[in-house]
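# Tertiary structure, described
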Amino acid sequence: MINRATPGYTCPTTLHLVGPQSWTEVPALLSYEISDPFAVRITFGDGAEEDGISWLVGRDLLQAGLDRPAGEGDVRLWPSRTSGDVLFLHLRAPSGEALFEVSRGTVAGFLQLTASVVPFGEESSVLEVDGELAALLSNGGADPTGR
């Protein structure tokens, strides 16, 4: 679904938290906004940001994880060897870590929609880097572009 207020996409999905003896369904929302073209936000919970926990994950990292192990440190992804539609997502924070299964097809479809808003490799073209850099170089003074 497209969000008309800020161009981008959101996609409700269900992740499965892998536990020692069972899986727990966790509702989540994948979000992409043109204002942050390099990132995808994963909000856990009912989708209400103030109630849920959010992680920002690199869009390129998600794309790479569809086909091969990707990431290191706090966020890692890899496709299942035994099921074509399973993508594993491992998140680590100081408070603990979690392993999720998510539909590879859902993530791939979501990423295709984001590419229709901002093609992969074109993320920098939608950022106003020159204006932001000018403001920084002016020691925080007035923006020379008149914004």
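Residues numbered from 1 in each chain as written. Predicted model: local features only at pLDDT ≥ 70, side-chain atom pairs only at ≥ 80, totals over all residues. Heavy atoms only, no water.

### Overview of the environment of Glu128
Along the chain, Glu128 turns up in the loop between helix H3 (123–126) and helix H4 (129–137). It is 9.8 Å that separates the C-alpha atoms of Glu128 and Ser35, two residues lying 93 residues apart in sequence. (Helix = DSSP H or I, 4+ residues; strand = E, 2+ residues; numbered from the N terminus.)

### Comments concerning the nonpolar core
Judged by nonpolar contacts, the single largest core of 26 residues is most densely connected at Phe44, Leu89, Phe100 and Phe110. Going through the elements one at a time, strand S1 (8–18), strand S2 (23–33), strand S3 (39–44), strand S4 (53–58), strand S5 (75–79), strand S6 (86–93), strand S7 (96–103) and helix H2 (104–117) are the ones with two or more residues in this core. Top contributing element to this core by residue count: S2, with four residues. (Core = buried A, V, L, I, M, F, W, Y, C linked by side-chain atoms within 4.5 Å. Buried < 20%, exposed > 50% of the residue type's maximum accessible area, 1.4 Å probe, protein only.)

### A word on the confidence of the model for the chain
The predicted model of the chain has a mean per-residue pLDDT of 85, with 82% of residues at 70 or higher. Within the model, the stretch residues 1–5 combines pLDDT values under 50 with six contacts to residues more than four positions away or in other chains. (pLDDT = per-residue confidence, 0-100. Contact = heavy atoms within 4.5 Å.)

### Concerning a nonpolar patch on the surface
Side chains of Phe38, Val126 and Leu127 sit close together on the surface and give an oily, nonpolar patch of about 210 Å² of accessible area. Structurally, Phe38 is set in the loop between S2 and S3. When its relative accessible area of 39% is taken as the criterion, Phe38 is described as partly exposed. (Patch = residues over 30% accessible without salt bridge, like charges linked within 9 Å, V, L, I, M, F, W, Y side chains within 5 Å. Areas by Shrake-Rupley, 256 points an atom, 1.4 Å probe, with all protein chains shown as cover. Salt bridge = Lys/Arg side-chain N within 4 Å of Asp/Glu carboxyl O.)

### Brief notes about the pattern of salt bridges
Counted according to the given criterion, the structure contains two salt bridges. The shortest N-O distance in the salt bridge between Asp67 and Arg104 comes to 2.9 Å. Placement of Asp67 in the loop between helix H1 (59–65) and S5 and of Arg104 in helix H2 is noted, with a sequence separation of 37 residues between them. On the accessibility criterion, Arg104 (23% relative accessible area) is partly exposed.

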